[in-house]
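# Survey of secondary and tertiary structure
The primary structure of each chain is shown beneath.
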Amino acid sequence: MPTVLAHATLILPEGLRPGSIRWEDQRITAVGRVPETGAAVLDLSGYYVGPGLIDLHVHGGDGADFMDGSLEAFRTVCRCHARHGTTRLTPTSTVARREDYRRFLDCCVALYGGDTGGSRIVGAHLYGPFFARHARGCHPDREFVSAQDDQAKVLLDYYARIPLTVTVAPEVPGIEGLVRAYVSRGVRFNVGHSHATFAQVAAAVSWGVRHADHLFCAMSDRAHLRSTQNYPMRGGVVEATLYFDQLTTEVIADGKHLAPELLQLAYKIKGPERLAVVTDAMRAVDQPDGEYIFGPIECGQPVRKADGVGLTREGTALASGVMGLDHGVRTLHVQAGIPLHHAMHMASLTPARILGLERVCGSLEVGKYADIVVWNRNLQVEQVYIAGQRVW
C-alpha cells in the first residue's frame, strides 16, 4: 500500500517547504501536494521530514567495529547508525593486518545492497593500508601495504565486486601508479592521514584523487611543514583541500573535533556542494564512557570514550567520533549557524554525489528511494525509513 507522510515541513535542497511525501514500492512518487487516496496516511504536523543521511566515513557503533570482521558485527553497526538517521553508509576500515583487510572487504561484499536490519551498505572504504605511517593518528601501528606489493592489487581488485573508495597519502612511494591504474577502473581515491606538501596534493589531483578525508584532522598544514623547511613557508594538505575545487571534503561535526569557526570556514570556502559531514564513529556510539578497542578487537588500538568524543588512553589526542550523524546535523545548524537545509544537504545529497548515487538517493525527489527521516522540532530523530520500510 502507498504511504503518505502528510502536513510536515519538508527539508529540500532548496530550503524548507510545507508539504507531504508519498511513496510506493520503495520509491518516492510525489512530493509537495500529494494525493492521499488509497494510501496509509500519517499526519506529521509540527515535524520535519528530510532525506535519509549518508555516512562516508564510519568505523563502528553499539560495541562493534566493522574491522571485527563478522557479518553480525556489520549488522550491529548498521542497526546502530540507522537509529541516528543514517540510511546508507560505506563501512570504513582501520590500519590492521592483511587478513583483517580482506575479511573486512569480504563482509562488505556479502552485505552490499542487502537488508542489514539497518543502514544499507553502498560501498567499501579501504582506509589504512596506504596511510603515511607517521600520520596514522589513533590507528594501530600494524601493516601498511606498499604500493608495489602484490597485496595492494589483491585489495584494490575488490572494485570488481563492490564500489570501492581508497584513501592514500600522496607522499607514499609508488602510490601514483596505483592511483592511475585504478582510477580508470572506477575506484574513488581520497587523500588522508598524510603529511604531504601542497605540491604533492596538486600532483595527486592530477592523478585522479578527488576527495580529502576529515578536514583539519591527521593532515599537514603550513605550521606542520615548517618543521622540515623553515622558509619559504609551504602549504600542506589542509591548504590544498581548501584551494582545489576538484576536491570535495568532509568534517567531523561532533562539537569536539572542530570548533564552530573551523566548521564555518570549511562551509564558507567549500560550500554545501563540496563539503560533507561524517561521523568517523567507532564502536563506542550508544555505549557508556570507558575503554574500547579502535579497529579489530584482537589487534586494534586501545582508546577511551569521554566527554562525548573518542580519546587516546592518555587523553592527549582525539581518537575517532562517538556520535551519530544526526548529532552532526545539529552541530552544523545550532553551533555553526549553518542553515538547516544546507546542513542536511551536507549529510545526504553531497555524500550521495561523492559516491555517484545522487540519482537514487540523497534528497526527497520523485523516483528516488524512499529513504526518509522524521525529525522533531528539536532535531531529534523520530522515525527512519529505508526504501519505504520503517527501520526505526
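Basis of the calculations
- Residues numbered from 1 in each chain as written.
- Predicted model: local features only at pLDDT ≥ 70, side-chain atom pairs only at ≥ 80, totals over all residues.
- Heavy atoms only, no water.
- Phe/Tyr/Trp six-rings, centres within 6.5 Å; stacked < 30°, edge-to-face > 60°.
- Lys NZ or Arg CZ within 6 Å of the ring centre and 35° of its normal.
- Helix = DSSP H or I, 4+ residues; strand = E, 2+ residues; numbered from the N terminus.
- Polar contact = N/O pair within 3.5 Å; in protein donor to acceptor, adjacent residues only side chain to side chain.
- Buried < 20%, exposed > 50% of the residue type's maximum accessible area, 1.4 Å probe, protein only.
- Arc of directions from axis to C-beta.
- Contact = heavy atoms within 4.5 Å.
- 1 Å grid on protein atoms, 1.4 Å probe; cavity = no way out; pocket = protein on both sides within 12 Å on 5 of 7 lines; lining within 4 Å.
- Points joined across faces, edges and corners; volume = space filled by probe spheres on them.
- Nonpolar A, V, L, I, M, F, W, Y, C, P; charged D, E, K, R; others polar.
- Lys, Arg positive; Asp, Glu negative; His and termini not counted.
- Salt bridge = Lys/Arg side-chain N within 4 Å of Asp/Glu carboxyl O.
- Axes fitted to C-alpha atoms, helices over the stretch in contact; angles between N-to-C directions.
- Parallel < 35°, antiparallel > 145°, perpendicular 65-115°, else oblique.
- Left-handed = near helix turned anticlockwise from the far one by under 90°.
- Pairing = 2+ DSSP bridges.

## Concerning the packing of aromatic side chains
Using the criterion set out here, one finds eight aromatic pairs in the structure. Pairwise contacts between aromatic rings join Phe-66, Phe-74 and Phe-104 into one cluster. The aromatic ring of Tyr-182 is capped on one face by Arg-185, whose charged end is 4.4 Å from the ring centroid. Against the face of Tyr-48 rests Arg-377, its NZ or CZ located 4.2 Å from the ring centre.

## A word on the environment of Arg-313
Tracing the backbone shows Arg-313 in the loop between strand E19 (309-312) and helix H9 (325-335). In terms of polar contacts, Arg-313 uses its side chain to reach the side chain of Glu-291, at 3.3 Å.

## Considerations on helix H5 (residues 198-207)
Inspection of H5 places Val-201, Ala-204, Val-205 and Trp-207 among the buried residues, and these make up the whole buried set. Along H5, the residues classed as buried sweep out an arc of 155 degrees about the axis, all on the same side. Against the buried residues of H5 lie helix H4 (175-183) and helix H7 (237-243). Downstream of H5 by one or two residues, Gly-208 has phi in the positive range, about 125 degrees.

## Looking at the layout of surface pockets
To find leftover empty space, a probe the size of one water molecule is rolled over the atoms. Roughly 260 Å³ of internal volume is contained in the largest pocket. Lining the largest pocket are 19 residues, and of these Arg-188, Asn-190, Arg-210, His-211 and Ile-354 sit closest to its centre. Looking at side-chain class alone, the lining of the largest pocket contains six nonpolar, eight polar and five charged residues. Taken as a whole, the second largest pocket spans an internal volume of roughly 220 Å³. Forming the walls of the second largest pocket are 19 residues, and the residues nearest its centre are His-214, Cys-217, Ala-218, His-257 and Leu-318. Of the residues that constitute the lining of the second largest pocket, the class distribution is eleven nonpolar, seven polar and one charged.

## Observations regarding the side chain of Asp-65
Here Asp-65 lies in strand E8 (residues 64-65). Of the side chains with opposite charge, Arg-283 lies nearest to the buried Asp-65, which makes no salt bridge, at 4.3 Å. One polar contact links the side chain of Asp-65 to the main-chain amide nitrogen of Gly-295, over a distance of 3.1 Å. If sequence neighbours within four positions are ignored, Asp-65 has contacts with His-59, Gly-60, Ala-73, Val-77, Arg-283, Phe-294 and Gly-295.

## Considering the packing of helix H1 (residues 71-82) against helix H2 (residues 98-111)
One way to put it is that H1 packs onto H2 with a least axis distance of 10 Å and a crossing angle of 65 degrees. Compared by their axis directions, H1 and H2 come out roughly perpendicular. In this structure, H1 crosses over H2, and the sense of that crossing is right-handed. Here Leu-71, Phe-74 and Arg-75 of H1 come into contact with H2, specifically with Phe-104, Cys-107, Cys-108, Ala-110 and Leu-111. Broken down by class, the residue content of the contact of H1 with H2 amounts to seven nonpolar, no polar and one charged.

## Structural notes on unusual backbone geometry
For the bond from Tyr-231 to Pro-232, the omega torsion is -10 degrees, close enough to zero to count as cis. For Pro-232, the position within the fold is in the loop between helix H6 (222-225) and H7. Backbone geometry at Gln-26 places phi at a positive 80 degrees, although glycine is not the residue there. Along the chain, Gln-26 falls in the loop between strand E2 (15-24) and strand E3 (27-32).

## Focus on the pairing of strand E18 (residues 301-306)
As paired strands, strand E17 (residues 290-294) and E18 are joined by five bridges and run antiparallel to one another. Bridge pairing links Gly-290 to Lys-305 in E18. Where E17 folds back onto E18 in an antiparallel hairpin, the turn is made up of six residues, including Gly-295, whose phi is positive at roughly 100 degrees. The loop that links E18 with its antiparallel partner E19 comprises two residues; one of these, Asp-307, has a positive phi angle of about 55 degrees.

## Topic: the sheet that holds strand E9 (residues 86-91)
Spatially, three strands are ordered E6-E9-E10 in an open sheet, and the strand pairing comes out parallel. Unpaired on one side and paired on the other, strand E6 (53-58) and strand E10 (120-121) mark the two borders of the sheet. Judged from the two bridges that link them, E9 and E10 form a sheet pairing that is parallel. Counted as the bridge partner of Arg-88 is Arg-120 from E10.

## Regarding the side chain of His-211
In this fold, His-211 is placed in strand E14 (residues 211-212). The class for His-211 is buried, based on a relative accessible area of 3%. Reaching out from His-211, the side chain makes a polar contact with the side chain of Glu-250 at a distance of 2.8 Å.

## Here we look at the sheet that holds strand E13 (residues 188-191)
Strand order across the open sheet formed by six strands is E11-E12-E13-E14-E15-E16, with parallel pairing between neighbours. The open sheet is flanked by strand E11 (124-126) and strand E16 (275-278), the only strands paired with a single partner. As judged from the four bridges shared by strand E12 (residues 164-168) and E13, these two strands associate in the parallel manner. Bridge assignment links Val-168 to a residue of E13, and that residue is Val-191.

Read these as layout, nothing more, since geometry by itself doesn't imply function.
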